[in-house]
Amino acid sequence: MKTLPRHALVLAGSRGPTDPVAKAAKLPHKALVPVDGIPMLERVVGTLFASDGIDHVVISSDAALAEHGFGPILTEKIENGRITLAAPKASPSESVAYVLDGLSAETGFPLLVTTADHPLLTTEMVEHFCRAAPIGVDLTIGLAEADVIRNSYPDAIRTFYRFKGQDYSGCNLFLMSTSKARRAVDFWQQMERHRKRPWRLVGAAGVFTLLRFAIGQLSLAAALAHLSRKVGAQIGMVEMPFAEAAIDVDKPGDLALAETILRARLERS
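Residues numbered from 1 in each chain as written. Predicted model: local features only at pLDDT ≥ 70, side-chain atom pairs only at ≥ 80, totals over all residues. Heavy atoms only, no water.

A.B. asks: Which parts of the structure should I look at to understand the overall build of the protein?
C.D. replies: A count of helical and extended segments in the protein gives twelve helices and ten strands. Taking all 269 residues of the protein together, the buried fraction comes to 49%. Of the contacts made within the protein by residues no fewer than 6 positions apart, 76% connect residues no fewer than 24 positions apart. Approximately 13,200 Å² of the protein is accessible, and the part contributed by carbon and sulfur atoms is 56%. (Helix = DSSP H or I, 4+ residues; strand = E, 2+ residues; numbered from the N terminus. Buried < 20%, exposed > 50% of the residue type's maximum accessible area, 1.4 Å probe, protein only. Contact = heavy atoms within 4.5 Å. Areas by Shrake-Rupley, 256 points an atom, 1.4 Å probe, with all protein chains shown as cover.)

A.B. asks: How do you make sense of the environment of K89 when you look at a structure like this?
C.D. replies: Mapped onto the elements, K89 comes out in the loop between β5 (83–86) and α5 (92–101). Accessibility expressed as a relative area gives 38% for K89, which makes it partly exposed. Excluding its chain neighbours within four sequence positions, the residues that come into contact with K89 are E94, S95 and Y98.

A.B. asks: Which parts of the structure should I look at to understand the packing of helix α2 (residues 40–50) against helix α4 (residues 71–79)?
C.D. replies: Axes are the key here: two packed helices are described by the angle between their axes and the distance separating the axes. Contact geometry of α2 with α4 gives a least axis separation of 10 Å together with a crossing angle of 50°. Comparing the axis directions of α2 and α4 gives the class oblique. Classified by chirality, the crossing of α4 by α2 is left-handed. Contact with α2, carried on its side by L41, E42, V45 and F49, involves I73, L74 and K77 of α4 and no other residues of that element. Per-class residue counts for the contact of α2 with α4 are five nonpolar, no polar and two charged. (Axes fitted to C-alpha atoms, helices over the stretch in contact; angles between N-to-C directions. Parallel < 35°, antiparallel > 145°, perpendicular 65-115°, else oblique. Left-handed = near helix turned anticlockwise from the far one by under 90°. Nonpolar A, V, L, I, M, F, W, Y, C, P; charged D, E, K, R; others polar.)

A.B. asks: Mind showing me how you'd approach the pairing of strand β6 (residues 111–115) here?
C.D. replies: By the criterion of burial, β6 is predominantly enclosed, with five of the five residues buried. By the bridge criterion, five bridges tie strand β1 (residues 7–12) to β6 in an arrangement that is parallel. Residue L11 lies in a different strand from β6, and its bridge partner there is T115. Alignment of β6 against strand β9 (residues 166–176), held across three bridges, turns out to be antiparallel. Note that in β9 the partner of L111 across the bridge is M176. (Pairing = 2+ DSSP bridges.)

A.B. asks: Looking at this model, I keep getting lost on the packing of aromatic side chains. Mind explaining?
C.D. replies: To describe a pair of aromatic rings, one takes the distance between the centres and the angle between the planes. This structure, assessed with the given rule, holds zero aromatic pairs. The ring of Y98 has K89 sitting right over it, with the charged end atom 4.2 Å from the ring centre. The side chain of R150 reaches across the aromatic face of F160, ending 4.4 Å from its centre. (Phe/Tyr/Trp six-rings, centres within 6.5 Å; stacked < 30°, edge-to-face > 60°. Lys NZ or Arg CZ within 6 Å of the ring centre and 35° of its normal.)

A.B. asks: How should the environment of V231 be read in this particular structure?
C.D. replies: Here V231 lies in helix α11 (residues 220–231). Residue V231 is classed as buried on the basis of its relative accessible area, which comes to 9%. Along the sequence, V231 and R183 sit 48 residues apart, while their C-alpha atoms lie 5.8 Å from each other. With residues near it in sequence (within four places) discarded, V231 still touches R183, A184 and F187.

Set out below in structure tokens:
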């Protein structure tokens, strides 16, 4: 039987007061912004704890979030040890690496990773992702087909990755099943360090692979196989059938869309 994750990591870093969502809400941190009346971080953490198997959450958060306060629900879980706080590092990949290095190889895996700006996350999404993760891989990534998103929300502005046969959008869901997933995080850190030096990115990823990707001739399966070889860890994916799994809150427009979706859910229930 597949082992479901007991531990989850929520990345709740911030771009500071210049973040457009936080700025519009006049709050010091985006994770504090209410989405239909509930702070988005509280929504995400509540969903994780309500999901099958998860009983401990690490929140990677900065001082602005802690100083403002987490609210009574999260504070109680911090006090009873069900939530652990971890200081964020200079980049998302460094934050993940920092938390991974503090986990025991015996008890820390599998680890589910998501983000605080994912207020549409549901237990159904979490459980589908974890149960559908392929056996024998070290890192699983959640992706949604562009057609699934466009059919449900044609006006939603998403970033799509172009592959042969289909475009995909990320869902901010990652399952690190073994300690080998750390190798993928190391590669991610390398990519972040080189983001201002494109020639280094080309060298790291492979010029012919990038060319095939650029012209839409690289299949998703081939991309995952190539990346697995590069990082020295098996990387797989779960195709998420939920359009909302790919909708996070980066802009005020995303917030308005998320609130519309949540209200529609409430009306259906």
